[in-house]
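# Summary of structural features
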Amino acid sequence: MTTTESPTAAGSGTAATEKFSQERVSADTPPERLSAIATDVLDALAQIVDKHGITYPEYRVLKQWLIDVGQYGEWPLWLDVFVEHNIEEVAYRGQSGTKGSIEGPYYVAGTTSLPARCTLPMREDEAGTRLVFEGQVRDLDGNGLSGATVELWHADDQGYYSHFAPHIPDGNLRGTIEVDEDGRFEITTVQPAPYQIPTDGPTGWFIEKAGWHPWRPAHLHLMVKAPGKRTITTQLYFAGGDWLENDVATATKPELILDPKPGADGVDRVTYDFVLDPAAQ
Ligand code: MBD
Ligand code: FE
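Residues numbered from 1 in each chain as written. Chains lettered and ligands numbered in written order. Predicted model: local features only at pLDDT ≥ 70, side-chain atom pairs only at ≥ 80, totals over all residues. Heavy atoms only, no water.

All right, on to the coordination of the iron ion (ligand 2) then. The iron ion (ligand 2) binds to the protein through Y161 (OH), H219 (NE2) and H221 (NE2), with metal-donor distances spanning 1.9 to 2.1 Å. The sequence pattern describing where the donors of the iron ion (ligand 2) fall on their chain is Y-x57-H-x1-H. Within this pair, whereas Y161 is found in the loop between β4 (149-154) and β5 (174-178), its partner H219 is found in strand β9 (residues 219-225), the two being separated by 58 residues in sequence. Side by side, Y161 and H219 carry an identical accessibility label, which is buried. (Donors = N, O, S within 2.8 Å, 3.2 Å for Na, K, Ca; no water. Helix = DSSP H or I, 4+ residues; strand = E, 2+ residues; numbered from the N terminus. Buried < 20%, exposed > 50% of the residue type's maximum accessible area, 1.4 Å probe, protein only.)

Laid out in structure tokens, this is it:
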């Protein structure tokens, strides 16, 4: 891709689908469990068809729309927006550390390794309000975790993600921060903008035809890892921001809201500490 094309639904969708497909995922689901789940899904569908008296034209439109979602590569987007929050809620059961939130379709593994005090990779003329984000990674007993890493990725000041918008250099506003010996970090970045689901693809059409809105509040994505600890995938939001109360992806939580304030140097600054549960036995 060149660096001058403007982002399209098909472009970001295809990139997200290609990235996901490279993972070659698997799950240990026995046939009995698969059968029980599939039976419940089909029963739920049967009830909906009956309750709403779904017509043949509606059925055919659904079929075409499902085909379109695949052709635009938007399954990662659609599923992560409308379904992942339920999966995340179940995955958090039994944990007591920092609340999780959805990963979404735009995580990229293996981003640049950065020291505990760092600036995220950004363009020379990167637009947006500067933000210093600092904190500590700890275990449930309050001990700093020296071996932790904080992977951070977020949209730019226009709401676009590197690797999924052709005009942004790869690696932009992404990094893997190695915390210091006390588990602390201090990352300089820019304030992201709210994210709008592309309006020129099937997920956007569906939202528009249903009379919903396509917005997520501005957010930072984080994946926090430490040896022997449960990995946290979460997001942090900004107090007072648009769409906080009605995120299209239903992924905000009151525990995950930042309220940056200007520091002595006038730059916005905020502290957030992460608490990791022990790894599952
Ligand atoms: C995003 O930026 C995001 O975080 C999610 C969950 C879905 C779509 C876009
Ligand atoms: Fe996001």
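Having seen the model, we can carry on.
This part is about the site of ligand 1. Around ligand 1 sit L77, V81, I102, G104, P105, Y106, Y161, Y195, R216, H219, H221 and Q235, and that is every residue in its neighbourhood. Between an oxygen atom of ligand 1 and a side-chain N or O atom of Y161, the distance comes to 2.9 Å. One of the side-chain N or O atoms of R216 is found 2.9 Å from an oxygen atom in ligand 1. For ligand 1, the accessible surface in isolation is 260 Å², of which the surrounding protein chains cover 100%. The cavity where ligand 1 resides is the largest cavity. Grouping the constituent residues of the shell around ligand 1 by class yields 7 nonpolar, 4 polar and 1 charged. (Near = heavy atom within 4 Å. Polar contact = N/O pair within 3.5 Å; in protein donor to acceptor, adjacent residues only side chain to side chain. Areas by Shrake-Rupley, 256 points an atom, 1.4 Å probe, with all protein chains shown as cover. 1 Å grid on protein atoms, 1.4 Å probe; cavity = no way out; pocket = protein on both sides within 12 Å on 5 of 7 lines; lining within 4 Å. Sits in = over half its atoms within 2 Å of the grid points. Nonpolar A, V, L, I, M, F, W, Y, C, P; charged D, E, K, R; others polar.)

This paragraph deals with the packing of helix α3 (residues 56-71) against helix α6 (residues 202-209). The geometry of α3 relative to α6 is characterised by a closest axis approach of 9 Å and an angle of 140° between their N-to-C directions. Judged on the interaxial angle alone, α6 and α3 are oblique. The segment α3 lies against α6, with W65, D68 and V69 engaging P202, T203, W205 and F206. Among the residues forming the contact of α3 with α6, the class breakdown is 5 nonpolar, 1 polar and 1 charged. (Axes fitted to C-alpha atoms, helices over the stretch in contact; angles between N-to-C directions. Parallel < 35°, antiparallel > 145°, perpendicular 65-115°, else oblique. Contact = heavy atoms within 4.5 Å.)

Ranked by internal contacts, the top residues of the largest apolar core, which has 55 residues, are F133, V137, I177, F185, L222, L236 and F274. Apart from residues lying up to four places away in sequence, L236 is in contact with F133, A218, H219, L220, L222, L256, L258, Y272 and F274. (Core = buried A, V, L, I, M, F, W, Y, C linked by side-chain atoms within 4.5 Å.)

Most of β4 is tucked away, with 6 of its 6 residues classed as buried. Side chains T149, E151 and W153 project from β4 onto one buried face, and the interleaved V150, L152 and H154 project onto a second face that is buried too. Here 5 bridges tie β4 to β5, and the two strands are oriented antiparallel to one another. Residue pairing across strands places T149 opposite E178, the latter belonging to β5. (Pairing = 2+ DSSP bridges.)

The next subject is the pattern of salt bridges. Under the criterion given, the structure shown has 11 salt bridges. Across the salt bridge formed by E88 and K253, the nearest N and O atoms sit 2.7 Å from each other. A residue pair is termed long-range when its members are at least 10 positions apart, and E88 in helix α5 (residues 84-92) and K253 in the loop between β10 (232-238) and β11 (257-258) qualify at 165 residues. Across this residue pair, the class does not change: E88 and K253 are buried. Between E255 and K99 there is a salt bridge; the shortest N-O distance is 3.5 Å. Pair noted here: E255 is in the loop between β10 and β11 and K99 is in the loop between α5 and β1 (113-114), with a separation of 156 residues, a long-range link. For E255, a relative accessible area of 39% corresponds to the partly exposed category. Through salt bridges with shared partners, a single network forms among R117, E134, E186 and R269. (Salt bridge = Lys/Arg side-chain N within 4 Å of Asp/Glu carboxyl O.)

A few words now on the UniProt feature "domain: Intradiol ring-cleavage dioxygenases" (unreviewed entry) in the chain. Mapped onto the present numbering, the UniProt feature "domain: Intradiol ring-cleavage dioxygenases" (unreviewed entry) falls on residues 133-161. Regarding residues 133-161, the helix share stands at 0% and the strand share at 45%, and the terminal C-alpha atoms are separated by 19 Å. (UniProt positions renumbered as here; feature names shortened; annotations may be inferred.)

What follows concerns the sheet that holds β5. Reading across from one edge, β1-β5-β4-β9-β10-β11 is the order of the 6 strands in this open sheet, with mixed pairing throughout. Every interior strand has two partners, whereas the edge strands, β1 and β11, have only one. Sheet analysis places β4 next to β9, joined by 6 bridges and oriented antiparallel. Within β9, the position partnered with E151 by the bridge is M223.

Between its first and last C-alpha atoms helix α2 (residues 31-52) spans 31 Å; for 22 residues at 1.5 Å apiece the expected length is 32 Å, and the two agree. G53, located one to two residues past α2, shows a positive phi value of around 55°. (Expected span 1.5 Å × (residues − 1).)

The next thing to look at is a nonpolar patch on the surface. On the surface, a nonpolar cluster with roughly 1000 Å² of combined accessible area is contributed by I37, V41, L42, L45, I48, V49, I54, Y56, Y59, L62 and L66. If you list the elements that add at least two residues to the nonpolar patch, you get α2 and α3. Looking at which element gives the most residues to the nonpolar patch, the answer is α2, with 6 residues. With respect to the secondary-structure elements, L62 resides in helix α3. (Patch = residues over 30% accessible without salt bridge, like charges linked within 9 Å, V, L, I, M, F, W, Y side chains within 5 Å.)

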